[in-house]
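# Tertiary structure, described
One letter stands for each residue in the lines below.
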Amino acid sequence: MTSFGPAVFQLVLLRRMSDFQPELADEARRRLGASLADQREANKRWQAMVRSPRSRGALARYRSVLGPPESAERRTIGDLECEALLWPLPLWPDLRFEVLAAPDGAVWNEWLVRAPGARGPVLESADDLRPWSATVDEVARAFAPVRPMEGTAPTRWRLAFAARGRPCVAEFTYGLLQRVAVDGTREPDGS
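The sections below set out a description of the structure shown in this document. Bear in mind the structure is a predicted one, so any value in this text is a computation, not a measurement. (Residues numbered from 1 in each chain as written. Predicted model: local features only at pLDDT ≥ 70, side-chain atom pairs only at ≥ 80, totals over all residues. Heavy atoms only, no water.)

## Some words on helix α4 (residues 58-66)
Turning to α4, its buried residues are Leu59, Arg61, Tyr62, Val65 and Leu66. The arc that holds the buried residues of α4, viewed along the axis, is 160°, so those residues lie on one side. Tucked into the core, α4 has its buried residues touching α1 (6-17), α3 (36-51), β2 (80-88), β3 (95-101) and β4 (107-114). Directly beyond the C-terminal end of α4, a positive phi value near 85° is found at Gly67. (Buried < 20%, exposed > 50% of the residue type's maximum accessible area, 1.4 Å probe, protein only. Helix = DSSP H or I, 4+ residues; strand = E, 2+ residues; numbered from the N terminus. Arc of directions from axis to C-beta. Contact = heavy atoms within 4.5 Å.)

## Looking at α1
Look at α1: 16 Å from first C-alpha to last across 12 residues, which is about the 16 Å you get at 1.5 Å a residue. Looking only at α1, the buried set comprises Val8, Phe9, Gln10, Leu11, Val12, Leu13, Leu14 and Met17. (Expected span 1.5 Å × (residues − 1).)

## A short note on the sheet that holds β2
Across the sheet, four strands lie side by side as β1-β2-β3-β4; this open sheet has antiparallel pairing. Both edges of this open sheet fall to β1 (71-77) and β4, since each of them pairs with a single strand only. Sheet twist, expressed as the mean angle between neighbouring strand axes with direction ignored, is 25°. Inspection of the sheet shows β2 paired to β3 by six bridges, in the antiparallel sense. The residue of β3 that forms the bridge with Trp87 is Phe97. Across the sheet, α4 touches β2, β3 and β4, and the angle it forms with β2 is around 20°. (Pairing = 2+ DSSP bridges. Axes fitted to C-alpha atoms, helices over the stretch in contact; angles between N-to-C directions.)

## Focus: the pairing of β3
With seven of seven residues buried, β3 is to be regarded as a mostly interior element. Across the two faces of β3 the burial is the same, with Leu95, Phe97, Val99 and Ala101 and Arg96, Glu98 and Leu100 all buried. Hairpin remark: β2 followed by β3, antiparallel, with six residues in the connecting loop. Between β3 and β4, which follow one another and run antiparallel, lie five residues, and Gly105 among them has a positive phi close to 95°.

## Looking at the layout of surface pockets
The volume enclosed by the largest pocket comes to roughly 330 Å³. In terms of lining residues, the largest pocket is bounded by 16 residues, among which Trp46, Gln47, Pro154, Thr155 and Tyr174 are the most central. Put simply, the parts of the chain that give the lining of the largest pocket at least two residues each are α1, α3, α4 and β4. The element best represented in the lining of the largest pocket is α3, accounting for five residues. Residues belonging to the lining of the largest pocket are distributed by class as follows: eight nonpolar, four polar and four charged. Taken as a whole, the second largest pocket holds about 270 Å³ of empty space. (1 Å grid on protein atoms, 1.4 Å probe; cavity = no way out; pocket = protein on both sides within 12 Å on 5 of 7 lines; lining within 4 Å. Points joined across faces, edges and corners; volume = space filled by probe spheres on them. Nonpolar A, V, L, I, M, F, W, Y, C, P; charged D, E, K, R; others polar.)

Have a look at this one:
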């Protein structure tokens with residue numbers, strides 16, 4: 001592992017996802033041709049970049065690691081204006097890594113979203129919520145109204161909602177669905 005580019009960045013995302021879905025993360029790591037040692041080294045290098053006293057801002061860091069964005073557009077969320085930048089990642093061809101940045105370059109949010117024009121999953125019941133199948137936004141739209149909940153780490157989100165009258169809590173890492181608790185218990189497949 002010499003340069004820190006998109007392939008190595010994916011290992012960082014997989015490191016956090018392996019907390020919930022170790023089998024999926026290991027399979028994806030192997031598809032990248034990386035060892036566990038490579039993944040640990042990637043995470044160590046990423047954390048050093050994030051915590052360095054001479055660190056560039058988060059947006060500059062993403063641009064240096066991921067290159068020029070595939071697209072960038074102005075977006076208004078409520079009464080806030082931001083820039084939405086999208087990067088493709090080979091592990092998830094139907095998704096994009098999205099960074100929402102304030103006008104001053106501060107990063108407000110960073111997560112995986114469905115690629116423009118890519119078809120998302122059909123989500124009608126809790127059974128449709130399989131690990132890595134949907135994004136935060138897709139689950140929120142399919143099961144509205146949802147209640148956002150605090151995640152267990154900065155890269156994690158949780159949504160509470162009802163699916164066919166059953167209370168559910170979906171957990172996400174970097175915006176990608178990891179698991180769902182239905183009626184307060186985990187689904188049998190680990191989701």
